[in-house]
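Structure assessment
The lines below spell out each chain.
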Amino acid sequence: MSTGMGPAADAAAAEAKGRRVGDPFAPEQPTDEVREFFGSSFADVEHFVRMLEEEGEIRGLVGPREMERLWSRHAVNSAAVLPFLPRSGQVLDIGSGAGLPGIIIAICRPDLDVHLAEPMARRCEWLSDVIDEIGLDNVTLHQARAEELRGKGRADVVTARAVANMSKLIRMTTKLIAPGGSLVALKGRRAPLEVEEAARELKSHHLAAKIHEVPSIMEEESTFVVVCKRTK
Ligand SMILES: C[S@@+](CC[C@H](N)C(=O)[O-])C[C@H]1O[C@@H](n2cnc3c(N)ncnc32)[C@H](O)[C@@H]1O
């Protein structure tokens with residue numbers, strides 16, 4: 001609908017409202033720095049991002065306003081966990097949703113045994129399609145809530161992005177972390193507050209939290225990675 005104030009005002013009004021499902025969008029392009037960062041994994045990460053561009057919205061995995069920032073806000077943001085992964089062993093990503101950060105981890109660390117836990121059938125179908133299409137042979141998919149995996153093994157690192165606040169995440173994952181292992185949570189700038197609020201859970205579950213600010217190679221805002229290491 002026109003504002004009646006000319007094309008520039010119409011465009012500004014549309015932008016202010018934000019993009020809606022099905023509206024055309026300009027896919028974000030990876031910079032040279034991003035290509036270099038992902039190195040030999042870049043082609044598979046790009047394949048995953050292209051799948052999200054084509055199907056993420058219609059399959060209800062990515063919100064309409066996110067479609068123009070799949071590299072910066074999603075692929076690159078998820079890669080902030082990479083320095084906090086174990087040298088070898090098992091990683092469990094809970095609440096993987098569209099595959100973040102689990103698919104990025106599986107692509108960038110083919111040497112790790114990566115498990116994805118996602119309770120929603122529709123999202124699991126998507127994850128299964130991604131695993132098949134990219135040809136990832138180091139991923140096991142569990143259609144399950146994190147709580148349902150208790151007693152079925154423990155991972156060296158449990159990852160989570162946008163699943164729950166720190167207190168809840170600790171309660172959900174504590175029985176899934178191997179002795180000496182860690183919970184690695186991707187957070188925004190509220191990370192220090194969330195860690196403070198989780199003081200009781202951290203103590204009772206013998207976890208020591210450290211917050212790492214990871215600058216983005218694509219945007220000004222940093223990502224905060226909260227590493228909660230099991231101390232006993
Ligand atoms: C907001 S989405 C985030 C998805 C993805 N991690 C990301 O960053 O795009 C939260 C996801 O957590 C899943 N989830 C909710 N409760 C869960 C639980 N108890 N255990 C595992 N996953 C859960 C939801 O089904 C959903 O896919």
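All of these numbers come straight from a predicted model, not from anything done at the bench. (Residues numbered from 1 in each chain as written. Predicted model: local features only at pLDDT ≥ 70, side-chain atom pairs only at ≥ 80, totals over all residues. Heavy atoms only, no water.)

**Focus on the packing of aromatic side chains**
Cut-off, in case you're wondering: Only rings of Phe, Tyr and Trp enter the pairing, Trp through its six-membered ring, and a pair is recorded when the two centres are within 6.5 Å. The plane angle decides the type: under 30 degrees is stacked, over 60 is edge-to-face, the rest tilted. Here a helix means four or more residues in a row that DSSP labels H or I, a strand means two or more in a row labelled E, and each is numbered from the N terminus. Working definition: with a 1.4 Å probe on protein chains only, accessible area under 20% of the residue-type maximum means buried, over 50% means exposed, and in between means partly exposed.
Scanning the model with the defined rule gives 3 aromatic pairs in all. Ring plane angle 10 degrees and centroid distance 5.5 Å describe the contact between Phe42 and Trp71, whose orientation is recorded as stacked. Note that Phe42 is positioned in helix α3 (residues 42-56) and Trp71 in helix α4 (residues 70-78), a separation of 29 residues in sequence. As far as burial versus exposure is concerned, Phe42 and Trp71 are alike and both buried.

**Section: the site of the ligand**
Note the cut-off: The nearness test applies per residue and asks whether one of its heavy atoms lies within 4 Å of the molecule or strand. Here a polar contact means two N or O atoms within 3.5 Å. Within protein one must be a hydrogen donor candidate and the other an acceptor candidate, and residues neighboring in sequence count only if both atoms are side-chain atoms. For every accessible area listed, the method is Shrake-Rupley and the probe measures 1.4 Å; residues are considered covered only by the protein chains on display. In this count, Pro and Cys sit with the nonpolar residues alongside Ala, Val, Leu, Ile, Met, Phe, Trp and Tyr, while Asp, Glu, Lys and Arg are called charged and the others, Gly among them, polar.
In the vicinity of the ligand there are 14 residues, among which Gly95, Leu100, Glu118, Arg123 and Arg161 approach most closely. At 2.7 Å, a backbone N or O of Leu100 approaches a nitrogen atom of the ligand. When the ligand is considered free in solution it has 590 Å² of accessible area, and contact with the protein chains removes 79% of it. Looking at the shell around the ligand, its residues break down into 6 nonpolar, 3 polar and 5 charged.

**Overview of the domain arrangement of the protein**
Here is the rule: Each domain span listed reflects an automatic or database assignment of domains. Residue contacts are defined here by distance: any two heavy atoms, one from each residue, within 4.5 Å place the two residues in contact. Two parts lose some accessible area (1.4 Å probe) when they are put together, and adding that loss for both gives the buried area.
Domain boundaries in the protein define domain 1 (7-14 + 28-75) and domain 2 (79-230). Spacing between the C-alpha centres of domain 1 and domain 2 amounts to 21 Å. Between domain 1 and domain 2, the residue contacts involve 24 residues of the former and 22 residues of the latter. Here domain 1 meets domain 2 over a buried area of about 2,200 Å², counting both sides, of which 66% is carbon and sulfur.

**Some thoughts on the environment of Glu53**
Position of Glu53 relative to the elements: it lies in helix α3. Look at Glu53 and you get buried, because its relative accessible area is 13%. Taking the C-alpha atoms as reference points, Glu53 and Ser204, separated by 151 residues in sequence, lie 42 Å from one another. In this view, Glu53 contacts Phe25, Pro27, Glu28, Met67 and Leu70; residues no more than four positions away in its chain are not counted.

**Side note on the sheet that holds strand β4 (residues 155-161)**
Strand pairing in a sheet relies on backbone hydrogen bonds. The paired strands run either parallel or antiparallel. Cut-off, in case you're wondering: A pair of strands is treated as paired once DSSP finds two or more bridges between them. Interaxial angle, 0 to 180 degrees, is taken between N-to-C directions of lines fitted to C-alpha atoms, where a helix line uses only the stretch in contact.
Here 7 strands make up an open sheet; going across it, the order is β3-β2-β1-β4-β5-β7-β6 and the pairing mixed. The sheet is open, and its two borders are formed by β3 (139-142) and β6 (207-214), each paired with just one other strand. Ignoring which end each strand starts from, the neighbouring axes of this sheet average 20 degrees apart. In this structure, strand β5 (residues 177-187) lies alongside strand β7 (residues 223-230), joined through 6 bridges in antiparallel fashion.

**Some points on the side chain of Thr174**
Examined against the element boundaries, Thr174 turns out to sit in the loop between α7 (166-173) and β5. Every residue in contact with Thr174, bar those within four places of it in the chain, is listed here: Arg154, His205 and Arg230.

**Some details on the pairing of β7**
Burial runs high along β7: 7 of the 8 residues are buried. As judged from the 8 bridges shared by β6 and β7, these two strands associate in the antiparallel manner. Across the sheet, residue His212 finds its bridge partner in β7, namely Val225.

**Describing the UniProt feature "binding site: S-adenosyl-L-methionine" (unreviewed entry) in the protein**
Just so we agree on the cut-off: UniProt positions are given in the numbering used here, feature names are shortened, and annotations may be inferred rather than shown by experiment.
According to UniProt, the feature "binding site: S-adenosyl-L-methionine" (unreviewed entry) maps to Gly95, Leu100, Ala146, Glu147 and Arg161 in the numbering used here. In this view, Leu100 contacts Phe48, His74, Ser78, Asp93 and Arg161; residues no more than four positions away in its chain are not counted. Within the secondary structure layout, Ala146 lies in the loop between β3 and β4. Residue classification places Ala146 among the buried residues on the basis of a relative accessible area of 5%. Ignoring anything within four residues of it in the chain, the contact list for Ala146 reads Ile94, Met172 and Leu176.

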